[in-house]
Amino acid sequence: MPDLPPDPSHYETLDVRADASASALRQAYRRAAQHHHPDRSGGDAGAQARMARINEAYAVLSHPQRRASYDLWLRARQARQQADAAAHAARPSRFAASWPWGLVAATSAFAVFSVGAVVYKTSWAASAIAAKAAAPQVAGR
């Protein structure tokens, strides 16, 4: 599942700080509502959706208990995003997670090749000596 950008918070929707007063929220809501109202947008298809987000943001932030609950949820979401980012950063890469086995395989292959080369050279010399000793002696030489 691809990482989608998170939806803007209600504070970002109304373009206010998290510690904004009730009057600042009301002013920001009125400003955003006038700017994004569907009747003033000239047939913009997304105007209704933007206005619905603005209304939802103001409905949550203008009510003290809802705002406190939303702030708690927002902090939990930010903590979760930070935890996910930390977990992703701590996760070893594919190479880092598998490199010891590659090192073991490479060392084993080198050892087998080295031992095989030594066995071949020593057995070749021994077989050459044995073949020379077993060869019939030609007279006159």
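So, here's what we can say about the structure. (Residues numbered from 1 in each chain as written. Predicted model: local features only at pLDDT ≥ 70, side-chain atom pairs only at ≥ 80, totals over all residues. Heavy atoms only, no water.)

### Side note on the packing of aromatic side chains
We count it as follows: Two rings from Phe, Tyr or Trp (for Trp, the six-membered ring) form a pair when their centres sit within 6.5 Å of each other. Planes less than 30 degrees apart are called stacked, planes more than 60 degrees apart edge-to-face, and all others tilted. Numbering of helices and strands runs from the N terminus; a helix is a DSSP stretch of H or I covering at least four residues, while a strand is a stretch of E covering at least two.
Within the structure shown, the criterion is met by three aromatic pairs. Judged by centre distance (6.1 Å) and plane angle (50 degrees), the rings of Tyr 11 and Tyr 70 are tilted. One end of the pair, Tyr 11, is in helix 1 (residues 10–14); the other, Tyr 70, is in helix 4 (residues 64–90), and 59 residues separate them in sequence. With a centroid separation of 4.3 Å and 15 degrees between ring planes, the pair formed by Tyr 29 and Tyr 58 is classed as stacked. Linking Tyr 29 in helix 2 (residues 22–36) with Tyr 58 in helix 3 (residues 47–61), this pair joins segments that are 29 residues apart in sequence. By way of ring pairs, the aromatic residues Tyr 11, Tyr 70 and Trp 73 are connected into one cluster.

### A few points about helix 4
Cut-off, in case you're wondering: One less than the number of residues in a helix, times 1.5 Å, gives the span that helix is expected to have. Buried means the residue's accessible area, taken with a 1.4 Å probe over protein chains only, is under 20% of the maximum for its type, while exposed means over 50%, and partly exposed covers the values in between. The contact criterion used is simple: two residues touch if any of their non-hydrogen atoms lie within 4.5 Å.
The first and last C-alpha atoms of helix 4 sit 39 Å apart over 27 residues, in line with the 39 Å expected at 1.5 Å per residue. When helix 4 is considered as a whole, its buried residues turn out to be Arg 67, Tyr 70 and Leu 74. Packing partners of the buried residues in helix 4 comprise helix 1, helix 2 and helix 3.

### Things to note about the packing of helix 3 against helix 4
Convention followed: All axes are obtained by fitting lines to C-alpha atoms, using only the stretch in contact for helices, and the reported angles, taken between N-to-C directions, cover 0 to 180 degrees. Should an angle fall under 35 degrees it is taken as roughly parallel, and over 145 as roughly antiparallel, whereas 65 to 115 is taken as roughly perpendicular and any remaining angle as oblique. Note that Gly is not counted as nonpolar here; it falls among the polar residues with everything else outside the nonpolar set of Ala, Val, Leu, Ile, Met, Phe, Trp, Tyr, Cys and Pro and the charged set of Asp, Glu, Lys and Arg.
Where helix 3 meets helix 4, the axes come as close as 6 Å, and the angle between the chain directions of the two elements is 105 degrees. In this view, helix 3 runs roughly perpendicular relative to helix 4, as classed from their interaxial angle. Of helix 4, the residues touching helix 3 (which contributes Ala 59, Val 60 and Leu 61) are Arg 66, Arg 67 and Tyr 70. Looking at the contact of helix 3 with helix 4 residue by residue, the classes come out as four nonpolar, no polar and two charged.

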